[in-house]
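# Architecture at a glance
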2 protein chains.
Amino acid sequence: MDQTALFTLTYGVFILGAENNGAKNACIINTCTQLTAEPARVSVTVLKSNLTHYMVDASKKFTVSVLGKHASLDTIAHFGFQSGRSVDKFQDFEYKVDTLGTPVIEKDSIATFSCKVVEQIDLGSHTLFIGEVIDATKLINGEPMTYAYYRDLKAGKVQPVSLGGSVKPTKEQVQYECSVCHYIYDGEVPFEELPDTYLCPICGKPKSVFYEA
Amino acid sequence: MDQTALFTLTYGVFILGAENNGAKNACIINTCTQLTAEPARVSVTVLKSNLTHYMVDASKKFTVSVLGKHASLDTIAHFGFQSGRSVDKFQDFEYKVDTLGTPVIEKDSIATFSCKVVEQIDLGSHTLFIGEVIDATKLINGEPMTYAYYRDLKAGKVQPVSLGGSVKPTKEQVQYECSVCHYIYDGEVPFEELPDTYLCPICGKPKSVFYEA
């Protein structure tokens, strides 16, 4: 079986928002899919070890902010490459709250949804949450960011598109991606020089599961 | 609630293959998502009224052929715009079978997977099938076709890309898309001239649910 065949599947890039007992958090996910139109239902797949997972599981609600192609890498890093257990991601980051008190991020997004969890499936490492869409807002007519575009942008293979914001282009370099959670190594030390004891900061898997993306 | 906000979600374009008691069929789907890496599991969402749905439900197995950006509109029309109840889609169309006897389509694809259904969720109009990937093959290094690219290609907004095959460009025109199942009207009669009794050939919803895509 060739695991890389699975990397041909197409994904978007989204901010998953959660609120539980007054605490707010959000993380980056790449799987949000509309399941049915009537009623409008979407699914999201979330790594169980994420703080956001805990909060969605406890509160049975979530929001999705659909990042546009113009989204800044800084925004993705802000929500994707640090944990809400150690930082308050909403300190100094503009957001709104929906009718259920869950945060949505309009900056860099083209649409947002508010959902109530109606069903969830334990997938082992992840949970698939099925949400009924109780509110949906189209913000602007921009193109959605795909996960493939994000990778190309991060590798400097494409020029950033501007939509009011500005993104600094990065220089082309080999990317190392975690084959389990798709985290792209982002550290200062060249990946090759990391010790063999290096672990993926997102899913905790060893250096050996990374591949050249 | 603005339903068009949900159209910002990013999808691919896939051929879902099925086999049951010697009968084979396949249809086009736009939702195939990897759920977990260990074990490798994917989900597909399938309209219940499709013959392919019946066969996957009965046989508890399916294949996914991931269409590349170079895929011909004819291939998509062949599997997407006619029913296996009235035609044998594999008559005169080249295919292979996997180890479980399920057809995979390598023409126009960049990867194929074989799956066994391990869980399924009734979503009303659709079923979400969760499949354990028992085989996966990367065929070529082409880019996957996204649903947005397919729509642009069909509308003549982008030039077809060639990869051995040839695709005739279509001239630009307004597209009418079913908001329920995302079928794009493809008939000879201009959409505006269709009678109000027109029904979507895929999901059976009335003309009024179509919108200008």
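Under an unreviewed UniProt entry, the name given to chain A is Flavin reductase, and the source organism is Holtiella tumoricola. The heading Sequence similarities (unreviewed entry) in the UniProt record of chain A holds the text "Belongs to the flavoredoxin family."

Residue and element names in this part refer to chain A. Spatially, the seven strands line up as an open sheet ordered β2-β1-β5-β8-β9-β4-β3, and their pairing is antiparallel. Edge positions in the sheet fall to β2 (23–29) and β3 (32–36), since each has one partner strand and no second. Taking each pair of neighbouring strands and ignoring which way they run, the sheet shows an average axis angle of 35°. Contacts from helix α1 (residues 51–59) reach β1 (14–20), β2, β4 (41–47), β5 (61–67), β8 (109–122) and β9 (126–138) within the one sheet, and its direction differs from that of β1 by about 55°. Sheet strands touched by helix α2 (residues 73–80): β1, β2 and β5. Its angle to β2, the strand with the most contacts, is close to 120°.

Next up on the list: the pairing of strand β1 (residues 14–20) of chain B. Residues and elements named next belong to chain B. With respect to burial, β1 is a largely interior element, seven of its seven residues being buried. Alignment of β1 against strand β2 (residues 23–29), held across seven bridges, turns out to be antiparallel. Bridged to Glu-19 within β2 is Lys-24. Across four bridges, β1 lies against strand β5 (residues 61–67) in antiparallel orientation. Bridge pairing links Phe-14 to Val-66 in β5.

The next thing to look at is the interface of chain B and chain A. Interface size is commonly expressed as the accessible area that is lost once the parts come together. Counting residues at the interface gives 47 residues for chain B and 47 residues for chain A. Between chain B and chain A lies a buried interface of about 3900 Å² when both sides are counted; carbon and sulfur atoms form 66% of it. Linking chain B with chain A are two salt bridges, by the criterion used here. Counting across the chain B and chain A interface gives four residue pairs in polar contact (both at pLDDT 80 or more). Broken down by secondary-structure element, the contributors of at least two residues to the side of chain B that touches chain A are β3 (32–36), β4 (41–47), β8 (109–122) and β9 (126–138) of chain B. Among the elements that line the side of chain B that touches chain A, the one with the most residues is β9 of chain B, at nine residues. Residue classes in the side of chain B that touches chain A are distributed as 25 nonpolar, 16 polar and six charged.

All right, on to the pairing of β3 of chain B then. Residue and element names in this part refer to chain B. The element β3 is largely enclosed, with a buried count of five among its five residues. Note: β3 against β4, four bridges, orientation antiparallel. Within β4, the residue paired with Thr-33 across the bridge is Ser-43. What sits between β3 and β4 in their antiparallel hairpin is a turn of four residues.

Turning our attention to the relation of the copies chain B and chain A. For the match of chain B to chain A, the screw axis carries a shift of 0.0 Å, the RMSD comes to 0.1 Å, and the turn is 180°. Those values place the two copies in the arrangement expected of a two-fold rotation axis. Measuring from the rotation axis to each C-alpha of chain B, the shortest distance belongs to Tyr-11 of chain B, at 3.3 Å. Here 100% of the contact residues of chain B are again contact residues in chain A; the copies associate through an equivalent surface.

This structure, assessed with the given rule, holds 26 aromatic pairs over all chains. On the numbers, 5.6 Å between centres and 55° between planes, the contact of Tyr-147 of chain B with Tyr-150 of chain B is tilted. Pair noted here: Tyr-147 of chain B and Tyr-150 of chain B are both in helix α3 (residues 147–154), with a separation of three residues, about one helical turn. Tyr-150 of chain B matches Tyr-147 of chain B in its accessibility class, with the two residues each being buried. On the basis of an interplanar angle of 90° and a centroid distance of 5.7 Å, the ring pair of Tyr-185 of chain B and Tyr-198 of chain B is categorised as edge-to-face. Placement of the pair is Tyr-185 of chain B in the loop between β10 (176–178) and β11 (210–212) and Tyr-198 of chain B in the loop between β10 and β11, with a sequence separation of 13 residues. With respect to class, Tyr-185 of chain B is no different from Tyr-198 of chain B; both count as buried. Site record: aromatic cluster; members linked through ring pairs are Phe-81, Tyr-176, Tyr-183, Tyr-185, Phe-191, Tyr-198 and Phe-210 of chain A. Above the face of the Phe-191 of chain A ring, Lys-207 of chain A is positioned so that its terminal group lies 5.5 Å from the ring centre.

For the rest of this paragraph, the subject is the confidence of the model for chain A. Put simply, chain A has an average pLDDT of 88, and 94% of its residues get 70 or more. In this model residues 164–172 of chain A is a low-confidence stretch, pLDDT under 50, and it forms 14 contacts with partners more than four residues away in sequence or in other chains.

Next up on the list: the nonpolar core. If you look at the biggest cluster of nonpolar residues, it comprises 45 residues, and the most contacted ones within it are Leu-16, Val-44, Phe-62, Val-64 and Phe-113 of chain A together with Leu-9 of chain B. Considering each element in turn, this core owes the most residues, five residues, to β8 of chain A. Apart from residues lying up to four places away in sequence, Val-44 of chain A is in contact with Leu-16, Ile-29, Thr-31, Cys-32, Phe-62, Val-64, Thr-127, Leu-128 and Phe-129 of chain A. Tyr-150 of chain A together with Ala-18, Val-46 and Met-55 of chain B belong to the second largest nonpolar core, which has 44 residues in total.

This next bit is on the side chain of Thr-8 of chain A. By the secondary structure assignment, Thr-8 of chain A is in the segment before β1. Among the polar contacts listed, one links the side chain of Thr-8 of chain A to the backbone oxygen of Ala-5 of chain A, at a separation of 2.7 Å. Ignoring any residue separated from it by four or fewer positions in sequence, one finds Thr-8 of chain A in contact with Val-66, Ile-110, Ala-111, Phe-113, Lys-138 and Pro-144 of chain B.

Cut-off values and rules
Residues numbered from 1 in each chain as written. Chains lettered and ligands numbered in written order. Predicted model: local features only at pLDDT ≥ 70, side-chain atom pairs only at ≥ 80, totals over all residues. Heavy atoms only, no water. UniProt positions renumbered as here; feature names shortened; annotations may be inferred. Pairing = 2+ DSSP bridges. Helix = DSSP H or I, 4+ residues; strand = E, 2+ residues; numbered from the N terminus. Axes fitted to C-alpha atoms, helices over the stretch in contact; angles between N-to-C directions. Contact = heavy atoms within 4.5 Å. Buried < 20%, exposed > 50% of the residue type's maximum accessible area, 1.4 Å probe, protein only. Buried area = accessible area lost by both parts, 1.4 Å probe. Salt bridge = Lys/Arg side-chain N within 4 Å of Asp/Glu carboxyl O. Polar contact = N/O pair within 3.5 Å; in protein donor to acceptor, adjacent residues only side chain to side chain. Nonpolar A, V, L, I, M, F, W, Y, C, P; charged D, E, K, R; others polar. Least-squares fit on C-alpha atoms with pLDDT ≥ 70 in both. Phe/Tyr/Trp six-rings, centres within 6.5 Å; stacked < 30°, edge-to-face > 60°. Lys NZ or Arg CZ within 6 Å of the ring centre and 35° of its normal. pLDDT = per-residue confidence, 0-100. Core = buried A, V, L, I, M, F, W, Y, C linked by side-chain atoms within 4.5 Å.

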